[in-house]
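A closer look at the structure
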Amino acid sequence: MLEATELQLPGCFAALSPSSAPLATVPFSPFSMPHSLFRRAGPVAEPDAVLRGRARCGRGPLPDSLLHPLFLGAVSSVTASGEIQKGPGPAFLSLQMSRIKGDEEEYWNSSKFKAFTFDDEDDELSQLKESKRAVNSLRDFVDDDDDDDLERVSWTGEPVGSISWSIKETAGNSGSAPEGRDQLKGRNSFYTQLPKPPSTYSLSSFFKGKEWAELDLGVSSPCLMDYSNDWSPSDTVRRLRRGKVCSLERFRSLQDKLQLLEEAVSMHDGNVITAVLIFLKRTLSKEILFRELEVRQVALRHLIHFLKEIGDQKLLLDLFRFLDRTEELAVSVVFVSVGSLFTNLPFSAEDSAHIQDHYTLLERQIIIEANDRHLESAGQTEIFRKHPRKASILNMPLVTTLFYACFYHYTESEGTFSSPINLKKTFKIPDKQYVLTALAARAKLRAWNDVDALFTTKVGVLTLVLLRLLEREGLRRPLKFSNWLGHTKKRAPIGFHRVVEILHKNSAPVQILQDYVNLVEDVDTKLNLATKLKCHDVVIDTCRDLKDRQQLLAYRSKVDKGSVEEEKIDAILSSSEVRTELKWLALQGHGKEYQYCSGPAGH
Amino acid sequence: MAAHLSYGRVNLNVLREAVRRELREFLDKCAGSKAIVWDEYLTGPFGLIAQYSLLKECYLEGDQTSLYHAAKGLMTLQALYGTIPHIFGKGECARQVANMMVRMKREFTGSQNSVFPVFDNLLLLDRNVDLLTPLATQLTYEGLIDEIYGIQNSYVKLPPEKFTPKKQGSGGGKDLPTEAKKLQLNSAEELYAEIRDKNFNAVGSVLSKKAKIISAAFEERHNAKTVGEIKQFVSQLPHMQAARGSLANHTSIAELIKDVTTSEDFFDKLTVEQEFMSGVDTDKVNNYIEDCIAQKHPLIKVLRLVCLQSVCNSGLKQKVLDFYKREILQTYGYEHILTLNNLEKAGLLKAQTGGRNNYPTIRKTLRLWMDDVNEQNPTDISYVYSGYAPLSVRLAQLLSRPGWRSIEEVLRILPGPHFEERQPLPTGLQKKRQPGENRVTLIFFLGGVTFAEIAALRFLSQLEDGGTEYVIATTKLMNGSSWIEALMEEPR
């Protein structure tokens, strides 16, 4: 009760009251928070849940979050739609009631909220008793009040909650019928006689500007009808739109209900439309509801969205079956629940291929997962011992699955479910994608031979041996050879600079990196990469091939003093081949370079 | 407080006060002592701000509630600022909002609005008309802050490392702050007002200029000889301190942003975007996008680029679209088929129909791509995207001069109807225009607006011969990422 008293329930009552005018009139609504919550809360809340939630507010501690003014807004909007559901209200009475702690438990334990629903099975007598008790306890509560006032707030079908708000509205509405004023007085007395705690002071008394009344845009005559029950569908919808309570149960005939729906749709306010739809959903048979909605597309979309939000898959499925739009649903159902539902749903031609793939993939994953879990726990397989699996493969994307397969099942024959090649063929994974994934997986395992094999086109064993031999023979200039080797025999569908990046990320040894840096075709990219990755040999050789003395000199400062690389650079710088070339360059007018070039030559 | 809201022709403080009063009244209805927990995010200059990206609701779910609220909001604005005599609009949602406004006015004929009209025109723009602009990366200072860190109700959270106060010789700096640094960004801050709309490339020079001025001002203390001079100096100190603090903050932010914008990846992405927007190679599979997918870059980034390409090509060729879809589903998971479907329904991603690419026509007629952009001293709105002039703002610009009649053809290509409504004013309220007086146009972006678009409109307002001042209203402040995110189907 603590929070409830802190919030001072009469106030809470006001805030929770469904006709809370500020909510309905916050100017510039797209900017105002309450509306957004309104939107959210409205359609989402299922009627019964609403009622339960509300009951909790009334009787017990309020959740902390509700103390937030904005949440008050949310609550009130929920009740707005709930109220539409359950008709006028005991629930609101209960809020007041909760001030009388003695009566509270009894009231709550015995009260039935179905008082005004048609599908209620309780006999009317007990309901009457119920309401009488409620009225009596109200009498206790406002014991020194006029009887007249009490009658106004009792079971005339008029919800209590609207009272405080109609005060505001009528007050803002100058020059309406005198009778309305009288009523206002009476009601005012009812409300003002509630004991107010000393700490309360009226903020709005500071700000009661007269232009404020003008701002209250849509407010005009309808509030005078607060006490009559005979609203036309359009009046009802208008009230709903302003967030006021009104009972929809009066609309009994199908014609009335449909008129109500049409009015709501013409208002464009989703909350109202949803509220009416909830009412229709409850009071019409499925067949009739669906039939009528089929010709009312706007309302239909709202219902579909509402059903999606509350997760009523069954009704949704029925609806789509009725509308012959099963493929639309099928897609969403698949990802909501992976189950037996899956296969027998029809899909659009475009989606079906993807869905089929998804299904196949899941099947695979289940098999692989079971198999590998077994292998792992047996502890016999080396790869699983060295690299324990971090997570289950279930529900992972295809590429992730491929990576997994390349990591744990790379060498398997094509026949097994978990072999990468099998995956590639089954799902028609493009070469690029495959190579990238396999490369990443094998590089991570530091299986450099596999990496090599990925880019080597198939050649006879003999040729391979020959090539290796050649490579070894040419130890002095290994790069030249591997370069030649690469151009003829190594191909990658992804560009070797990408290969190098991936290898570098997996901290491949320099030797391997160099081989692949050399395979990069574009010279500038190659130089950049080599410089970045400190593949000294590649940089030096490239500079030499480019006859770029200046860059070589600049690079000399980057290598360690006295290292092999430095010697190599010096050797090249002083070699005659480069010198003549540079002299030629100098003759072209590169005077500065000539300076450089004469320097080392003198040594 | 909030003085920056009242400078302009339209005193926005009126609105703010109205909303505040409303809140107070609301609170007042809750009798008794109140325990109010304020979310500090909501205490910015405008107080309560709720945002919708209507695209999802309107186009995916067919829910017009937000349009209804937009119309109601506009009615409220008219109650505060007077009836707006001219309404222009483009797009399906705009048409509907205008219809609702007309209807609400009809229902509310009882009382004549007697407020002298502040606005001359209302322009309703449906986001659906210009899907391209939000997808491109914004290049204004504020836009980049939003792109990189996300501005929430005028607050931004930044990594704290750059904001550690320089302490000398205390504790060795072990206690680095771990909580994100939170800053409020609005025009109440003098420096921010100056740089927020600038192209990021022009921000650096402003900052360094400011730094020189401030240090010069501090140096002046040495020149202060007499007591009077010293007193004057001291009286200026608080202002100078504040200026220095704000300069320090923005220098740090600019550094953070610079780290991102100078990265290779950002550059590559921007290059691809600009190629698309200038109409280069929009009809084939783009290598960079393919690479991004292969490297599993964030899905939102990938989707943004693919959508951009689709929009710049009036839809992708079926083969290209299928390729992207397949790659995305295989790499990120098949469940994203729902997201892809949403994007298709919203028109962001589609197959080209009729084999005709309309974008070049639109681009040329509306001059959406400018090759020579002056980022430092802009002469055209295209500076906000370093080359691309936002379509929505161009429409607004052309509306004020020479009028939409000159671009009828393009308007027909763009989706949704365009229309004009007049709301007759009683004779007493009709305005006699002073010569040289600017018109005031309220632009309502239905479905969201980016900071770069706002910057472009501010730029137009400031043009000396512009002739029009703009006030912007919207349902949401957005950028491409938050937009795509809203359209993504979250797994349940």
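Residues numbered from 1 in each chain as written. Chains lettered and ligands numbered in written order. Predicted model: local features only at pLDDT ≥ 70, side-chain atom pairs only at ≥ 80, totals over all residues. Heavy atoms only, no water.

As annotated in an unreviewed UniProt entry, chain B carries the name Vacuolar protein sorting-associated protein 33A and is attributed to Myodes glareolus. As recorded by UniProt, the Sequence similarities (unreviewed entry) comment attached to chain B reads in full: "Belongs to the STXBP/unc-18/SEC1 family." (UniProt positions renumbered as here; feature names shortened; annotations may be inferred.)

An unreviewed UniProt entry annotates chain A as Spermatogenesis-defective protein 39 homolog originating from Myodes glareolus.

**Overview of the sheet that holds strand E2 (residues 121-126) of chain B**
Residues and elements named next belong to chain B. Taken in spatial order, the five strands of this open sheet run E6-E1-E2-E7-E8, and their pairing is mixed. Of all the strands in the sheet, just strand E6 (418-422) and strand E8 (468-474) have a single pairing partner and so form its edges. Averaged over all adjacent pairs, the angle separating strand axes in this sheet is 20°, with direction ignored. As defined by bridge partners, strand E7 (residues 439-446) adjoins E8 across seven bridges and the pair is classed as parallel. Its bridge partner lying in E8, Thr441 is registered against Tyr470. (Pairing = 2+ DSSP bridges. Helix = DSSP H or I, 4+ residues; strand = E, 2+ residues; numbered from the N terminus. Axes fitted to C-alpha atoms, helices over the stretch in contact; angles between N-to-C directions.)

**Quick look at the pairing of E7(B)**
Residue and element names in this part refer to chain B. The buried fraction of E7 is high, at seven of eight residues. The pairing of E2 with E7 spans six bridges and is classified as parallel. Bridge assignment links Leu124 to a residue of E7, and that residue is Phe444. (Buried < 20%, exposed > 50% of the residue type's maximum accessible area, 1.4 Å probe, protein only.)

**As for the environment of B:Lys301**
Residues and elements named next belong to chain B. Here Lys301 is to be found in helix H12 (residues 299-312). In this structure the C-alpha to C-alpha distance between Lys301 and Leu135, which are 166 residues apart in sequence, comes to 9.7 Å. If we skip the residues at most four places from it in the chain, Lys301 touches Asp265, Lys269, Tyr288 and Cys292. At 3.0 Å, the side chain of Lys301 forms a polar contact with the side chain of Tyr288. (Contact = heavy atoms within 4.5 Å. Polar contact = N/O pair within 3.5 Å; in protein donor to acceptor, adjacent residues only side chain to side chain.)

**Examining helix H18 (residues 297-310) of chain A**
Every α-helix carries 3.6 residues per turn, so stepping three or four residues along brings you back to the same face. Between its first and last C-alpha, H18(A) extends 20 Å over 14 residues, near the 20 Å set by a 1.5 Å rise per residue. Downstream of H18(A) by a residue or two, A:Gly311 has a phi angle that is positive, lying close to 75°. (Expected span 1.5 Å × (residues − 1).)

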